[in-house]
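# An overview of the molecular structure
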Amino acid sequence: MVNLGKLFNDSKQWAVALGYLEKALALERELPEAHFELGECLREMDRGEEAIFACKRSVMLDPFQAKVHHRLGELLKEKLYHDQALTSLEEAAKLDPEDLDIARDLAVVLGIAGRQEEALDYTGLASQFLEMYAEGGVGFYVGWA
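Sequence positions are assigned chain by chain, starting from 1 and proceeding in written order. Confidence filtering applies because this is a predicted model: local features only for residues at pLDDT of at least 70, side-chain atom pairs given and counted only at 80 or more, and all residues used for totals across whole chains, interfaces and linings. Here the side-chain values reflect all heavy atoms present in the structure, with hydrogen atoms and water set aside.

## Regarding the environment of Leu38
Helix numbering and strand numbering both begin at the N terminus, where a helix is a DSSP run of H or I of at least 4 residues and a strand a DSSP run of E of at least 2. Within the fold, Leu38 resides in helix α3 (residues 32-44). The exposure class of Leu38 is buried, given its relative accessible area of 13%. Once the C-alpha coordinates of Leu38 and Glu50 are considered, the two residues, 12 residues apart in sequence, prove to be 9.0 Å apart. Exposure categories follow from relative accessible area, calculated using a 1.4 Å probe and restricted to protein chains: below 20% of the type maximum is buried, above 50% is exposed, and the middle band is partly exposed.

Shown next as structure tokens:
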């Protein structure tokens with residue numbers, strides 16, 4: 001059922017996805033991927049606090065998934081919980097130090113937290129990775145409020 005939930009999430013049929021994911025979790029509460037997909041679904045349905053809870057549950061069940069820490073960090077940042085977002089994004093970066101999206105999002109939250117030097121380090125890291133994967137120079141910008 002988790003796979004069906006993911007399939008419907010991917011096809012943007014969130015109400016249907018939600019039904020499958022809730023059924024999967026009713027049968028087995030300890031499925032980290034189901035909690036992650038539930039968080040994705042709830043995020044798209046503008047149910048941010050519930051999405052955060054689902055992602056936190058996924059992290060508790062499987063703390064070694066960078067994508068879950070990353071998504072949790074994004075959700076927390078959207079709700080302006082910057083300290084918590086920073087913790088999640090730093091963990092994501094430890095788990096997958098070459099992920100460009102994680103580096104970019106971490107740089108933004110570090111900047112918001114007033115840690116501009118570290119933010120610039122992650123911006124530089126992301127830029128180096130972009131240069132490795134792109135043909136020619138690709139500009140990379142990270143701004144913070």
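## Focus: the packing of helix α4 (residues 48-61) against helix α5 (residues 66-78)
Across the interface, α4 lies against α5 with an axial gap of 9 Å and an inter-helix angle of 155°. The angle between α4 and α5 falls in the class roughly antiparallel. For the pair α4 and α5, the crossing hand works out as left-handed. Contacts from Ala51, Ile52, Cys55, Lys56, Ser58 and Val59 in α4 reach Val68, His69, Arg71, Leu72, Leu75 and Leu76 in α5. Across the contact of α4 with α5, the residue classes tally to 8 nonpolar, 2 polar and 2 charged. Every axis in this analysis is a line fitted to C-alpha atoms, fitted for helices over the stretch in contact. Angles between the N-to-C directions lie between 0 and 180 degrees. Between 65 and 115 degrees an angle is taken as roughly perpendicular, under 35 as roughly parallel, over 145 as roughly antiparallel, and anywhere else as oblique. Rotating anticlockwise by less than a right angle from the far helix to the near helix defines a left-handed crossing, while the corresponding clockwise rotation defines a right-handed one. We call two residues contacting when some pair of their heavy atoms lies within 4.5 Å. Each residue is assigned to one of three groups, with Ala, Val, Leu, Ile, Met, Phe, Trp, Tyr, Cys and Pro labelled nonpolar, Asp, Glu, Lys and Arg labelled charged, and all others, Gly among them, labelled polar.

## Considering unusual backbone geometry
Of note in the backbone geometry, Lys12 takes a positive phi value of approximately 65° without being a glycine. Within the fold, Lys12 resides in the loop between α1 (2-10) and α2 (14-27). With a phi close to 70°, Leu80 is a non-glycine residue in the positive phi region. Its location among the elements puts Leu80 in the loop between α5 and α6 (82-95).

## Considerations on the pattern of salt bridges
We count a salt bridge whenever a side-chain nitrogen from Lys or Arg sits within 4 Å of a carboxyl oxygen from Asp or Glu. Summed over the entire model, instances satisfying the criterion amount to 12 salt bridges. Two residues, Glu40 and Arg71, come together in a salt bridge whose shortest N-O distance is 2.2 Å. With a gap of 31 residues between them, Glu40 in helix α3 and Arg71 in helix α5 connect regions that are remote in the sequence. Under the relative-accessibility criterion, Arg71 is labelled buried at 18%. A salt bridge links Arg104 to Asp105; the shortest N-O distance between them is 3.1 Å. According to the relative accessible area criterion, Arg104 is partly exposed, its value standing at 29%. Judged by relative accessible area, Asp105 falls into the buried class, the value being 6%. Via salt bridges that share partners, Glu40, Arg43, Arg71, Glu74 and Glu78 belong to a single interconnected network.

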